[in-house]
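The primary structure of each chain is shown beneath.
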Amino acid sequence: MSHCNQSICPSRNLAEMCDTAATWQHKADRLTVELNSTQERLHAEIDRLKQANETLRAAVSCASIFLWATDRDGKLTLAEGKGLENLGLKPGATVGLSIFEVYSSQPNMLENIAEVLAGNDRTWNAREGHCIYEIRSAALRDRNGEVVGAVGVSTQITEREQSIATLFMANQELEDKLQQQTAVFNAALAESEKKYRNLVETSQELIWSIDIEGFLTFVNSAAKRIYGYEPPEMIGRRFTDFLVPGQKTRPREIFAQLLARTSVQPQTANSPYETVHIRKDGTPVHLRVNSIVNQAENGAIIGLCGTATDISDRLRSEEALQEATDQLRAVLDAVPGLISWISSDLRYIGVNKHLATSFKLSPESFVGQEINFLEKGSNFGELIRKFFASSSQQIWQEIDLENNGSVRNYLIVAQKYHQGTAAVSVGIDITERKRAEAQKTKLIASLQESERKFRSLYEATSDAVMLLDEQGFFDCNHATLAIFGCRNKEQFYGKRMSEFSPQFQPNGQDSSSLGAERISTAMETGSCRFDWIHKRVDGSEFPAEVLLNAMEINGQKVIQAVVRDITDRKRDEDGIKASLAEKEVLLKEIHHRVKNNLQVISSLLKLQSRYIQDSRVSEMLKESQNRVRSMALVHEQLYQSKDLSNIDFAEYIQNLAHNLFQAYEIHAQGIKLQTNIAPCSLNIDTAVPCGLIINELVTNALKYAFTGQIKGKINIDFTLDNRVCVLTVSDSGIGFPQDLDYRKARTLGLRLVGSLVKQIRGKIELLETPGTTFKITFSKPKLHS
């Protein structure tokens with residue numbers, strides 16, 4: 001605030017001195033009142049963010065004021081307070097009317113309200129009948145700063161105005177005494193000015209004044225704390241120098257409006273506004289500014305003065321509170337439950353997003369609606385009505401709600417707040433849980449029925465079934481008692497497996513250690529099957545087949561043992577084994593005699609060939625001898641092996657090729673044999689034709705393939721791929737004659753090869769390679785068991 005340090009001259013008359021003292025005292029009182037009022041509004045603003053609605057209603061209901069609010073078009077959206085009665089209005093019937101209709105008889109008031117809706121805050125007095133009202137009104141803005149309506153409070157000041165009149169009369173009386181107290185007033189004025197300066201300099205709020213040109217004429221010491229400037233650094237500079245560039249328009253408008261007032265208008269404080277200034281270090285500071293016109297003694301406007309409060313901390317608190325509110329809203333919207341806030345008059349205060357989307361509506365469409373507006377007579381509405389009528393602070397109950405044509409089960413939990421005037425309700429969808437419980441009940445009944453059937457089967461089986469834990473046997477069926485010779489189950493319970501076994505098993509191992517090993521295997525792998533010698537209560541022994549299964553009963557692992565008496569089966573198996581051994585001996589003898597007979601035939605052919613002079617006939621006898629020898633090798637190999645039905649094909653081919661090279665030692669000189677035989681077993685029906693095929697092809701190669709050559713190579717390959725056998729016989733000789741068709745050859749050897757390939761249901765090919773290569777393909781035959 002600007003101060004004019006004027007000295008008091010002795011020549012001044014008493015009236016001028018009194019006016020000066022009254023002016024200074026009036027200004028000091030105004031600033032003190034304004035300072036206290038600003039501090040109170042600052043603290044009240046923070047409290048209003050938490051309990052604005054309740055506090056406002058309580059205050060309006062007990063005070064003789066009229067609180068109102070309008071939208072942008074001037075329609076009343078709020079009208080509360082005892083002041084309505086003086087206007088002849090009812091609270092319920094006023095909302096929705098146009099404020100221009102309510103005050104149609106007061107042009108001055110309508111003009112001020114229009115200014116407020118245009119964004120300009122106003123304070124004025126109005127008379128209604130014998131009553132005088134002081135009206136304070138401000139523009140209502142959204143977050144973007146756009147004016148969305150107006151809010152105001154009308155306070156009856158009739159008594160205050162009457163008091164002023166009374167005071168005026170008393171003042172006339174006091175004027176007569178002023179001359180006598182001039183000296184006293186002069187001293188009081190000096191003391192008052194001193195106190196005023198101390199109050200201004202020690203104030204935590206910025207106190208400022210500017211002249212009519214906008215230059216700062218005074219700032220108190222709070223400027224150092226708020227701006228970082230010493231007061232002399234700021235005095236003489238324009239107030240706009242400290243504004244953020246984007247914020248300059250609004251303060252200039254307020255400055256111009258205040259200075260445009262005439263001296264006859266009442267000196268009322270301008271409605272506070274918020275702005276952003278720049279500190280000395282360049283950082284922003286948020287201020288709440290109050291301003292008033294500064295007038296000279298003659299009423300001329302000489303500038304503005306006012307206060308500014310640093311609200312940066314409050315804004316940060318509001319932002320934090322808003323952020324926490326947004327986070328809470330996000331959490332509530334993310335909760336998969338039906339959350340709603342309900343007033344005691346059974347209307348929705350708000351709902352979360354999940355509840356709204358469940359009914360295909362927006363959250364805003366629920367506000368103010370009756371709780372059963374979607375479904376009249378619903379269980380939920382009746383539940384909440386009884387809850388508000390009761391003294392309980394919390395309830396929970398399961399109800400059925402129809403949602404989009406389907407009925408679902410919900411668990412409703414409700415909690416009162418605000419002294420029981422409102423409640424929050426949370427609905428959790430338990431439809432699936434209900435279904436699961438029904439299925440569980442059904443499953444339990446099914447399990448009980450299965451257990452009854454299992455128990456019947458358990459007792460009806462002829463095998464001994466028993467349950468074993470670490471303490472011993474604890475359950476068994478009736479067949480167990482019969483097999484082990486026990487009179488009752490109590491005689492069997494608590495016994496261990498070793499107590500029903502001889503000391504040693506037939507393999508010489510100790511029954512106790514071997515039984516523990518079998519149980520450990522069943523615990524690890526889940527089951528174990530083996531043969532065992534058991535001992536009855538009377539000491540007699542019997543062979544048995546035992547199956548151990550690991551299972552879990554009431555969270556504890558136990559062993560289920562199934563014992564089958566195999567005395568009769570063992571006796572039958574021993575007889576079968578004896579009969580099988582006898583047949584194996586006979587079969588070996590047959591193979592041995594067949595082999596001997598074939599060798600006799602081979603020897604006779606060899607002996608006969610010695611007495612034949614014709615080399616061609618002798619050669620034919622030699623080929624027949626080799627064929628007989630190849631068949632004899634099969635029986636010789638079967639006789640010597642443990643498997644009397646199948647032959648090791650690789651070993652058979654090695655022996656066969658070796659015999660052929662021995663028989664044609666003159667032709668085989670310089671010829672090398674290479675074999676690549678995959679491990680495979682063939683039955684005798686396939687091995688004999690394959691042996692004869694190899695015999696014919698190798699013989700032809702030894703006799704004709706290497707004519708005129710000293711060295712050569714014969715390959716015998718046998719592979720098995722996806723149950724397809726491939727036999728390949730090749731040589732590096734002169735090649736198969738191109739003018740000869742092997743399929744139509746008249747020679748006995750090639751005709752025999754073709755017949756043998758058909759016998760094994762195969763296919764023969766002559767490949768175009770250097771030398772001669774025959775490829776025989778056939779399916780792998782089944783082995784004889």
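Residues numbered from 1 in each chain as written. Predicted model: local features only at pLDDT ≥ 70, side-chain atom pairs only at ≥ 80, totals over all residues. Heavy atoms only, no water.

Draft legend 1. Expanded view of the overall build of the chain. On a plain count of helices and strands, the chain comes out with 21 helices and 27 strands. A burial count over the chain gives 38% of its 785 residues as buried. Of the roughly 45,700 Å² that the chain leaves accessible, carbon and sulfur atoms contribute 52%. (Helix = DSSP H or I, 4+ residues; strand = E, 2+ residues; numbered from the N terminus. Buried < 20%, exposed > 50% of the residue type's maximum accessible area, 1.4 Å probe, protein only. Areas by Shrake-Rupley, 256 points an atom, 1.4 Å probe, with all protein chains shown as cover.)

Draft legend 2. Expanded view of the packing of aromatic side chains. One pass over the structure, following the stated rule, counts 13 aromatic pairs. Grouped by ring-pair contacts, the aromatic residues Phe473, Phe484, Phe492, Phe500 and Phe542 constitute a single cluster. Between the NZ or CZ atom of Arg237 and the centre of the ring of Tyr229, over which it lies, the distance is 5.5 Å. (Phe/Tyr/Trp six-rings, centres within 6.5 Å; stacked < 30°, edge-to-face > 60°. Lys NZ or Arg CZ within 6 Å of the ring centre and 35° of its normal.)

Draft legend 3. Spotlight on helix α11 (residues 312–334). With 23 residues, α11 should reach 33 Å at 1.5 Å per residue; the first-to-last C-alpha distance of 33 Å fits that figure. Taken residue by residue, α11 has Ser312, Arg314, Leu315 and Leu332 as its buried positions. (Expected span 1.5 Å × (residues − 1).)

Draft legend 4. Expanded view of the sheet that holds strand β22 (residues 671–677). Taken in spatial order, the five strands make up an open sheet running β22-β24-β25-β27-β26, and their pairing is mixed. Looking at which strands have only one partner, the edges of the open sheet turn out to be β22 and β26 (763–767). Sheet twist, expressed as the average angle between the axes of neighbouring strands with direction ignored, equals 10°. Pairing of β22 with strand β24 (residues 712–721), which is carried by seven bridges, proceeds in the parallel orientation. Counted as the bridge partner of Lys672 is Lys713 from β24. (Pairing = 2+ DSSP bridges. Axes fitted to C-alpha atoms, helices over the stretch in contact; angles between N-to-C directions.)

Draft legend 5. Highlighting the confidence of the model for the chain. With 78% of its residues at a pLDDT of 70 or more, the chain has an overall mean of 77. Within the chain, the element-level pLDDT minimum falls on helix α18 (residues 615–640), averaging 63, and the maximum on strand β25 (residues 724–731), averaging 90. Per-residue pLDDT stays below 50 along residues 1–12; that stretch engages in 26 contacts with residues further than four places along the chain or on separate chains. (pLDDT = per-residue confidence, 0-100. Contact = heavy atoms within 4.5 Å.)

Draft legend 6. Up close: the packing of helix α20 (residues 684–705) against helix α21 (residues 748–759). At a closest axis distance of 9 Å, the pairing of α20 and α21 adopts a crossing angle of 155°. Between α20 and α21, the crossing angle belongs to the class labelled roughly antiparallel. At the point where α20 passes α21, the crossing takes the left-handed sense. Contact with α20, carried on its side by Pro689, Leu692, Ile693, Glu696, Leu697 and Asn700, involves Gly749, Leu750, Leu752, Val753, Leu756, Val757 and Gln759 of α21 and no other residues of that element. Per-class residue counts for the contact of α20 with α21 are nine nonpolar, three polar and one charged. (Parallel < 35°, antiparallel > 145°, perpendicular 65-115°, else oblique. Left-handed = near helix turned anticlockwise from the far one by under 90°. Nonpolar A, V, L, I, M, F, W, Y, C, P; charged D, E, K, R; others polar.)

Draft legend 7. Empty space enclosed by the protein, seen in detail. Inspection of the entire model under this criterion finds nine cavities of 30 Å³ or more. If you add up the space inside the largest cavity, you get close to 260 Å³. Lining the largest cavity are 20 residues, and of these Trp208, Phe239, Tyr273, His277 and Val289 lie nearest its centre. Of the residues belonging to the lining of the largest cavity, the class tally is 18 nonpolar, two polar and no charged. (1 Å grid on protein atoms, 1.4 Å probe; cavity = no way out; pocket = protein on both sides within 12 Å on 5 of 7 lines; lining within 4 Å. Points joined across faces, edges and corners; volume = space filled by probe spheres on them.)

Draft legend 8. A look at the sheet that holds strand β8 (residues 273–278). Pairing in this open sheet of five strands is antiparallel, and the strands run β7-β6-β10-β9-β8 from one edge to the other. Sheet topology places β7 (216–219) and β8 at the edges, where each strand pairs with a single neighbour. When strand polarity is set aside, the average angle formed by the axes of neighbouring strands in this sheet is 35°. Of the pairings in the sheet, the one linking strand β9 (residues 284–295) to strand β10 (residues 301–310) comprises nine bridges and is antiparallel in character. Looking at the pairing, Gln295 lines up with Ile301 of β10. In the packing of α11 onto the sheet, contacts are made with β8, β9 and β10, and the angle to β9 comes to roughly 130°.

Draft legend 9. Molecular detail of α20. Across its 22 residues, α20 extends 30 Å between first and last C-alpha, which sits within 8% of the 32 Å expected from 1.5 Å per residue. Of all 22 residues making up α20, 18 are buried, and the element is well covered by its neighbours.

Draft legend 10. Expanded view of the pairing of strand β17 (residues 472–476). Burial analysis of β17 places four of its five residues in the buried class, which makes it a mostly covered element. Pairing of strand β16 (residues 464–469) with β17 involves four bridges; the strand directions are antiparallel. Looking across to β17, one finds that Leu467 is bridged to Asp475. Linking β16 back to β17 in an antiparallel pair, the connection comprises two residues.

Draft legend 11. Structural view of the pattern of salt bridges. For the structure on display, the rule yields 18 salt bridges. Of the charged contacts in the structure, one is a salt bridge between Glu115 and Arg122, with a shortest N-O distance of 3.5 Å. According to the relative accessible area criterion, Arg122 is partly exposed, its value standing at 22%. The shortest N-O distance in the salt bridge between Arg279 and Asp310 comes to 3.9 Å. Linking Arg279 in the loop between β8 and β9 with Asp310 in strand β10, this pair joins segments that are 31 residues apart in sequence. Residue Asp310 is classed as partly exposed on the basis of its relative accessible area, which comes to 25%. Residues joined by salt bridges that share partners form a network here, namely Glu274, Arg288, Arg314 and Glu318. (Salt bridge = Lys/Arg side-chain N within 4 Å of Asp/Glu carboxyl O.)

Draft legend 12. Highlighting the nonpolar core. Counting residues in hydrophobic clusters, the biggest one holds 41 residues, and the most contacted among them are Phe649, Ile693, Ile694, Val698, Ile716, Phe718 and Ile776. Mapped by element, the contributors of at least two residues to this core are α19 (649–663), β22, α20, β24, β25, α21 and β27 (772–779). With eleven residues, the top contributor of residues to this core is α20. Not counting residues within four places of it along the chain, the set of residues in contact with Ile693 comprises Val753, Leu756, Val757, Ile760 and Ile776. Met497, Cys528, Phe542 and Ala544 belong to the second-largest nonpolar core, a separate cluster that totals 24 residues. (Core = buried A, V, L, I, M, F, W, Y, C linked by side-chain atoms within 4.5 Å.)

Draft legend 13. Structural view of the pairing of strand β2 (residues 76–80). Pairing geometry for strand β1 (residues 65–71) and β2, over four bridges, is antiparallel. The residue bridging Trp68 from the neighbouring strand is Ala79, located in β2.

Draft legend 14. Local environment of the environment of Leu346. Position of Leu346 relative to the elements: it lies in the loop between β11 (338–343) and β12 (348–351). Residues Leu346 and Gln369, spaced 23 residues apart in sequence, show a C-alpha to C-alpha distance of 8.5 Å. In this structure, Leu346 is in contact with Gln369, Glu370, Ile371, Ile384, Arg385 and Phe388, ignoring residues within four places of it in sequence.

Draft legend 15. Seen up close, the side chain of Thr70. As for its placement among the helices and strands, Thr70 is situated in strand β1. For Thr70, a relative accessible area of 2% translates into the label buried. Here Thr70 is in contact with Lys75, Leu76, Thr77, Ile99, Leu117, Val148, Gly149 and Ala150, once residues within four sequence places are set aside.

Draft legend 16. Region of interest: unusual backbone geometry. Positive phi, normally seen in glycine, also occurs at Leu346, with a value near 65°. With relative accessibility at 21%, the residue Leu346 sits in the partly exposed group. Despite not being glycine, Arg761 has its phi angle at roughly 55°, a positive value. As for its position among the elements, Arg761 is in the loop between α21 and β26. The class of Arg761 is exposed, set by a relative accessible area of 76%.

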